[in-house]
Amino acid sequence: MTDQIKINKKFGIYPLKEDKNTNYIISLDIETFSDHNSVQIPMVICLAAKIKGEVKTYTKILNKDLYIKDKDAAIKNLWDDVISDLKLISIESKNKKIIIMVHNLGGFDGLFII
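As the structure is a prediction and not an experimental result, all values here were calculated from the model.

Q: What am I meant to see in the overall build of the protein chain here?
A: A count of helical and extended segments in the protein chain gives three helices and six strands. Buried residues in the protein chain amount to 28% of all 114 residues. On the protein chain, roughly 8,200 Å² of surface is accessible, and the fraction owed to carbon and sulfur atoms is 56%.

So, in structure tokens, the structure goes:
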């Protein structure tokens, strides 16, 4: 039951109730590196999706060669790939609820959510 958690401001953290409309749970993590100006750059973005009881994983990696030529294009392509995977999962969900859990929200990772 601890695999589905919801935060309640008044009572803390507790397991979610079973919801027949939620078949899709996604965990997302962003790994970064610091460039020469100490700016954090997303390098790898991983998704693990529980879809109808089966876990599927998606890993997107920053294109190193493109990054050397065009940093902004490389980062945009990385995020476009992730968004494309999320859209496919959304289409597959057929209007069921999707829960996306982003973890490791220290520092830079949390900026992408804001």
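Further notes follow.
Q: I'm lost on the nonpolar core in this one. Help?
A: When a protein is soluble and globular, its nonpolar side chains tend to lie buried together. By size, the foremost hydrophobic cluster in this structure holds 19 residues, and its most contacted members are Ile-45, Leu-62 and Ile-89. Listed by contribution, the elements that provide at least two residues to this core are β3 (22-34), β4 (40-51) and α2 (71-93).

Q: What exactly am I supposed to notice about the pattern of salt bridges here?
A: For side chains bearing opposite charge, pairing can occur when the charged atoms are close. This model, assessed by the stated rule, comprises three salt bridges. Measuring nitrogen to oxygen at the nearest pair gives 3.1 Å for the salt bridge that ties Asp-35 to Lys-71. Taken together, the residues span a long stretch of sequence, with Asp-35 in the loop between β3 and β4 and Lys-71 in helix α2 at a distance of 36 residues. Exposure remark for Lys-71: the relative accessible area of 30% places this residue in the partly exposed category. Across the pair Asp-80 and Lys-76 runs a salt bridge whose closest N-O atoms are separated by 2.7 Å. With Asp-80 and Lys-76 both in helix α2 and four residues apart, this pair spans about one turn of that helix. Under the relative-accessibility criterion, Asp-80 is labelled partly exposed at 35%.

Q: Even after reading the chapter, I still don't get α2, so can you show me in this structure?
A: Each α-helix winds once per 3.6 residues, and so residues spaced three or four apart point in a common direction. Taking 1.5 Å as the rise per residue, α2 with 23 residues should run 33 Å; its terminal C-alpha atoms sit 34 Å apart, in good agreement. The complete set of buried residues in α2 reads Ala-74, Ile-75, Leu-78, Trp-79, Val-82, Asp-85, Leu-86, Ile-89 and Ser-93.

Q: Got a minute to help me understand the packing of aromatic side chains in this structure?
A: What characterises a pair of aromatic rings is the spacing of the ring centres plus the angle enclosed by the ring planes. Considering all chains together, one arrives at one aromatic pair under this definition. Relative to Tyr-67, the ring of Phe-33 lies with its centre 5.7 Å away and its plane at 75°, an arrangement referred to as edge-to-face. Of the two residues, Phe-33 sits in strand β3 while Tyr-67 sits in helix α1 (residues 64-69), which places them 34 residues apart along the sequence.

Q: Just to check I follow, could you spell out the confidence of the model for the protein chain for this structure?
A: It should be kept in mind that the predicted coordinates are not to be read in detail where pLDDT is low. Confidence along the protein chain averages 78 in pLDDT terms, with 68% of residues attaining 70 or more. The weakest mean pLDDT in the protein chain belongs to strand β1 (residues 5-8) at 50; the strongest belongs to α1 at 96. In this model residues 1-5 is a low-confidence stretch, pLDDT under 50, and it forms 11 contacts with partners more than four residues away in sequence or in other chains.

Q: I'm lost on the pairing of β4 in this one. Help?
A: For a regular strand, side-chain orientation follows a simple rule: the groups alternate between the two sheet faces. Pairing between β4 and strand β5 (residues 54-61): eight bridges, direction antiparallel. Bridge pairing links Cys-46 to Thr-59 in β5. What sits between the antiparallel neighbours β4 and β5 is a turn of two residues, in which Lys-52 has the positive phi angle 50°.

Q: Can you walk me through unusual backbone geometry in this structure?
A: Trans peptide bonds make up most of the peptide bonds, and negative phi angles are found at most residues other than glycine. At Ser-38, a residue that is not glycine, the phi angle is positive and equals roughly 65°. Tracing the sequence through the fold places Ser-38 in the loop between β3 and β4. The exposure class assigned to Ser-38 is exposed, which follows from its relative accessible area of 59%.

Cut-off values and rules
Residues numbered from 1 in each chain as written. Predicted model: local features only at pLDDT ≥ 70, side-chain atom pairs only at ≥ 80, totals over all residues. Heavy atoms only, no water. Helix = DSSP H or I, 4+ residues; strand = E, 2+ residues; numbered from the N terminus. Buried < 20%, exposed > 50% of the residue type's maximum accessible area, 1.4 Å probe, protein only. Areas by Shrake-Rupley, 256 points an atom, 1.4 Å probe, with all protein chains shown as cover. Core = buried A, V, L, I, M, F, W, Y, C linked by side-chain atoms within 4.5 Å. Salt bridge = Lys/Arg side-chain N within 4 Å of Asp/Glu carboxyl O. Expected span 1.5 Å × (residues − 1). Phe/Tyr/Trp six-rings, centres within 6.5 Å; stacked < 30°, edge-to-face > 60°. pLDDT = per-residue confidence, 0-100. Contact = heavy atoms within 4.5 Å. Pairing = 2+ DSSP bridges.

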